[in-house]
Amino acid sequence: MLLPTACMNLKQAKYGDALEILSGKLGPLLVIEVDKLRVQGRLLAQSGDYAAGASVYQNILELCPDDWECFLHYLGCMLEDDSSWSSGADNNPVHYPKFLDCKVSHLADDVFDSRLSDASIFVQKLLVDANNGFVRCPHLAILEIERRRHLYGKANDDEIMEALMQYFYKFGHLACFTSDVEVFLLILTTEKRMEFVEKLTKCSNTLSTIPAKVLGQSITVFKIQLLVGNIDKLPVVELEGFARQMVEIFWKSIPLAKDLDPQESMHGEELLSMICNVLVQLFWRTGHFGYFMEAIMVLEFGLTIRRFVWQYKILLLHLYSHLGAVSLAYERYKSMDVKNILTETISHHILPHMLPSPLWVDSSNLLQDYLRFMDDHFRESADLTFLAYRHRNYSKVIEFVQFKERLQRSNQYLNAKVETSILQLKQRADNIEEEEGILDSLDSGIYFVELSNEIRSKNLTFNEDFQTRPWWTPAPEKNYLLGPFEGISYYPKENMTKEREENVRRVIEKKSLLPRMIYLSIQSTTVSYKENGSISESKISSELKFLLERYAKMLGYSLTDAIEVVMGASTGLKSSEAFGSDTIDWLNFSVFLNAWNLNSHELSHPDDDRGGRGIWHNVDTLLAMYILEKTRSMGSLISSPRGDLPVLVQLITEPLAWHGLVLQSCVRASLPSGKKKKKSGPTEHSTSLLCGIIQDSINSSAGIVEEVAKWIQEQINKAEDEVVDNILSSLGKKEQDEGPGQVFHLLEKFTSSIDEVQLGSRISQALNLWSPVDVARKIVIGNSTVLSEFLRICESKIKLLHKLKHQIAQV
């Protein structure tokens, strides 16, 4: 109970009580000395006793000189800066930040200088004690001290430059060098950064004679150039030359790996990832598809040599998804063998691509695997906590508890639960009886409405590792390649959490309403055929209206204004761009609005003699407008990747599918049954009018889906060899000195004259298996797989609509 009690007091800001527990008779129960010191140091710092806290952190650093987190706490105590313990800074056991924002010290100049001088002396002592080993923390500490001095307002660019150079001499060959120094480079002026690049370039090849170190330093120089050298501003020809230079160095580095185990990392393998990034930059700038395909070829080449490189697979996952070949993206994800906590931190790469795709079986498996991991972890966390208690590892006890709480509040976990239900509803949407069965199992969507009500008060966590994402898509909602070239650099990595939080809340809140709105829409259309309304029927109408108001509010409008937007877009009074990026949501709103109006009759056009049922025409018009416009603008997927296919799939499987359920409900309610008396008079006339409207809507929906199916069939029917030839021809000819294909043809040249003695038999055999034709063919087959699944969905809907057309004709 020692550490939990101390930490409870800490959370309640009872720092003195916590310290008393820690230093009392119970203190010796904490057998791991460093754990005890960490808690003691934090308690002292948060109670305002910075001097004592600094002393404790000094003791920890003497025991663990490579503890960077501890050094930040130590420096925080020295400068009386509580940034290390401020909200969110140190309560993330999934991703602890390497560097923290810090407050400009309130200390007087002489006190500030004296404290930093003392810190510098202590760091020098750590360096001496380390005996010039490979402990990086003390060397980084020198840079951090200079950074604090710079932030305080004391100009010291030259000192920072010198410290950076010294760090490069020591660790410039390590893959982590660039990420280590990134924060320090960013406080320098542009001129100083360029000066640093020049210094690195001049000295990089003179520091070592060990081939692996020389290679590592060369890679570091490339990385620093990408980080601060305005690479994106270079002319296209120079950028191509930059990529060629990297591939030449990569080829020279391959012999260093000939005696390595296939699972060991190769020297220089990250060069191919960097080349891919440059090629994607060229694609974005020029719009030339050949660069995009060249990037894929480079990464597939790398996987031929070593199939375990997860960085290549993540890049390919996103490239294939952008190309429409989500099946290939999913294969790459599965080959990474993502398990345990990586399911939470890495699945953001694939989930956003799979959910709108037609690969429903794979999407369901992905969601189930994710939810199974989360639920299993929640069950097992108690055992892990108890085990840590038994071994008196109290820091682990706290870590396990915090970790469980963090996972329970995961935005991805909540979203996956909602998306699982929506996927089930999409899969059964062509059979209203089966759909009602799914809705029954979901308690008619009530649970998700409650979730939507609560999400505003939930403190969501974001556990995704965005540092692993490609520069062109720093978050699932952002993809630079879908828009025009903006001339931005892809470094440094963006911190997307704050920007995403409100958007993620809105998305989950909005999606959580869908199951209930679908249920109420089915009920609303059913009761609209009854002659006399009941209290329960009135409740259906009022609840659906209330949810429509909430949905409209999430779109940024009142219900009245949202209706005006829908009417304006369908009649041409508003541009087709009126819905912006929320087209799916607006069309969903239109479908549910129509279902509500069937029962409420609150909406009517000035000259509408059909009791307000003219809203049907608006829905049919909007569905036709957006779906057919998207279909006709698509062209060939492979030659013009723009990410439009997922949107088209969503339009068919969500708003059009929900509208299909409304149609099924109406047709079912209108069919005569043996117990019904034949209606006459005004009611019969009204029913007859509605049946005509429904028949028109069925015909409209069938025409839409048939045109989409025709486009899909045209894509599938294209001769495979012809498409493969088109892909390969986009890479240009060997004789060309510029344009796409420079890197690709260089790799072809290298692999055409393999020296087995130099490269080793394993790598030589692997290189002989690399086939650009096979890569191109795999892409064509991958696209065809996705399109075939989409065609199957469309054909199912066409079959349903023809059935409904026949049934309504019998009424």
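Rules used in this analysis
Residues numbered from 1 in each chain as written. Predicted model: local features only at pLDDT ≥ 70, side-chain atom pairs only at ≥ 80, totals over all residues. Heavy atoms only, no water. Helix = DSSP H or I, 4+ residues; strand = E, 2+ residues; numbered from the N terminus. Buried < 20%, exposed > 50% of the residue type's maximum accessible area, 1.4 Å probe, protein only. Contact = heavy atoms within 4.5 Å. Areas by Shrake-Rupley, 256 points an atom, 1.4 Å probe, with all protein chains shown as cover. Salt bridge = Lys/Arg side-chain N within 4 Å of Asp/Glu carboxyl O. Disulfide = S-S within 2.5 Å. Phe/Tyr/Trp six-rings, centres within 6.5 Å; stacked < 30°, edge-to-face > 60°. Core = buried A, V, L, I, M, F, W, Y, C linked by side-chain atoms within 4.5 Å. Polar contact = N/O pair within 3.5 Å; in protein donor to acceptor, adjacent residues only side chain to side chain. Axes fitted to C-alpha atoms, helices over the stretch in contact; angles between N-to-C directions. Parallel < 35°, antiparallel > 145°, perpendicular 65-115°, else oblique. Nonpolar A, V, L, I, M, F, W, Y, C, P; charged D, E, K, R; others polar. Arc of directions from axis to C-beta. Left-handed = near helix turned anticlockwise from the far one by under 90°. pLDDT = per-residue confidence, 0-100.

### Describing the overall build of the protein
Of regular secondary structure, the protein possesses 36 helices and zero strands. Out of the 811 residues belonging to the protein, those deemed buried represent 53%. Sequence separation of at least 24 residues holds for 75% of the intrachain contacts in the protein that already meet a minimum separation of 6. Summing over all exposed atoms, the protein offers an accessible surface of approximately 35,500 Å²; the carbon and sulfur share of this is 50%.

### With respect to the pattern of salt bridges
Scanning all chains against the criterion turns up 36 salt bridges. Residue Arg-332 pairs with Glu-300 through a salt bridge whose shortest N-O separation is 2.8 Å. Here Glu-300 lies in helix H14 (residues 289-305) and Arg-332 lies in helix H16 (residues 326-335), a separation of 32 residues in the sequence. Take Arg-332 and Glu-300: they sit in the same class, and that class is buried. The partner of Lys-426 in a salt bridge is Glu-654, and the shortest N-O contact between them spans 3.6 Å. Of this pair, Lys-426 sits in helix H21 (residues 411-427) while Glu-654 is found in the loop between helix H29 (645-653) and helix H30 (655-670), placing the two residues 228 residues apart along the sequence. Judged by its relative accessible area of 4%, Lys-426 falls in the buried class. Because the salt bridges share partners, they merge into one network encompassing Asp-81, Glu-144, Arg-147 and Arg-148.

### Quick word on the environment of Ala-569
In this fold, Ala-569 is placed in helix H26 (residues 559-571). Beyond its immediate chain neighbours, meaning those up to four positions away, Ala-569 contacts Lys-574, Phe-579, Leu-622, Met-625 and Tyr-626.

### Overview of the state of the cysteines
Taken as a whole, this structure holds zero disulfides when the rule is applied. Cys-70 supplies the cysteine sulfur nearest to Cys-77, a cysteine that is in no disulfide, at a spacing of 9.2 Å.

### Considerations on the environment of Val-591
Mapped onto the elements, Val-591 comes out in helix H27 (residues 583-600). Between the C-alpha atom of Val-591 and that of Trp-616, which follows or precedes it by 25 residues, the distance is 8.6 Å. Those residues in contact with Val-591 that lie beyond four places of it in its chain are Val-619, Pro-655, Trp-658, His-659 and Val-662.

### Brief notes about the packing of aromatic side chains
Here the structure, examined in full by the defined rule, presents 23 aromatic pairs. On the basis of an interplanar angle of 20 degrees and a centroid distance of 5.2 Å, the ring pair of Phe-579 and Tyr-626 is categorised as stacked. One end of the pair, Phe-579, is in the loop between H26 and H27; the other, Tyr-626, is in helix H28 (residues 615-632), and 47 residues separate them in sequence. Of the two residues, Phe-579 and Tyr-626, both sit in the buried class.

### Focus on the nonpolar core
The biggest cluster of nonpolar side chains holds 193 residues, and the ones touching the most others in it are Ile-296, Phe-589, Trp-658 and Ile-779. Dropping the residues within four chain positions of it, Ile-779 is found in contact with Met-293, Ile-296, Tyr-320, Leu-323, Ala-325, Leu-328, Ile-638 and Ile-727.

### A short note on helix H5 (residues 68-78)
Of all 11 residues that make up H5, 10 are buried, and the element is covered over most of its length. Considered for burial, the residues of H5 that qualify are Trp-68, Cys-70, Phe-71, Leu-72, His-73, Tyr-74, Leu-75, Gly-76, Cys-77 and Met-78. Residues of H5 that are buried make contact with helix H3 (33-46), helix H4 (50-63), helix H6 (109-130) and helix H7 (137-152). Two or three places before Glu-69, at the opening of H5, Asp-67 has a side-chain oxygen 3.3 Å from that residue's backbone nitrogen. Taken from the residues just after H5, Glu-80 is the one with a positive phi, measuring 50 degrees.

### Thoughts on the packing of helix H8 (residues 157-171) against helix H9 (residues 177-185)
Geometry of a packed helix pair, given as the angle between the helix axes and the separation of the axes. Following both chains from N to C, one finds H8 and H9 inclined at 180 degrees, their axes separated by 11 Å at the closest point. Classed by the angle they form, the pair H8 and H9 counts as roughly antiparallel. Across the interface between the two elements, Ile-160, Leu-164, Tyr-167, Phe-168 and Phe-171 of H8 pack against Phe-177, Asp-180, Val-181, Phe-184 and Leu-185 of H9. Here the residues of the contact of H8 with H9 are counted per class, giving nine nonpolar, no polar and one charged.

### Brief notes about helix H23 (residues 446-454)
Here H23 has its buried residues at Phe-448, Val-449, Leu-451 and Ser-452. When H23 is viewed along its axis, its buried side chains cluster within an angular range of 155 degrees and face the same direction.

### Description of the packing of helix H12 (residues 236-253) against helix H13 (residues 270-286)
Where H12 meets H13, the axes come as close as 9 Å, and the angle between the chain directions of the two elements is 165 degrees. The angle between H12 and H13 falls in the class roughly antiparallel. Crossing angle aside, the handedness with which H12 passes H13 is left-handed. For the pair formed by H12 and H13, the contact residues are Val-236, Leu-239, Glu-240, Phe-242, Ala-243, Met-246, Val-247, Ile-249 and Phe-250 on the first element and Leu-271, Leu-272, Met-274, Ile-275, Val-278, Gln-281, Leu-282, Arg-285 and Thr-286 on the second.

### Concerning the confidence of the model for the protein
The share of residues in the protein with pLDDT of 70 or more is 86%, and the mean pLDDT across the chain is 85. Across residues 674-682 the pLDDT falls below 50, and counting only partners more than four positions away or on other chains, this stretch makes seven contacts in the model.

### Regarding unusual backbone geometry
Positive phi outside glycine occurs at Asn-340, with the angle close to 50 degrees. With relative accessibility at 54%, the residue Asn-340 sits in the exposed group. Phi angles above zero are rare outside glycine, and Ser-444 is one such case at about 60 degrees. Given a relative accessible area of 12%, Ser-444 falls into the buried group.

### Some remarks on the environment of Val-773
Tracing the backbone shows Val-773 in helix H36 (residues 772-809). Its relative accessible area of 35% is what places Val-773 among the partly exposed residues. Sequence separation between Val-773 and Met-297 is 476 residues, and the spatial gap between their C-alpha atoms is 9.9 Å.

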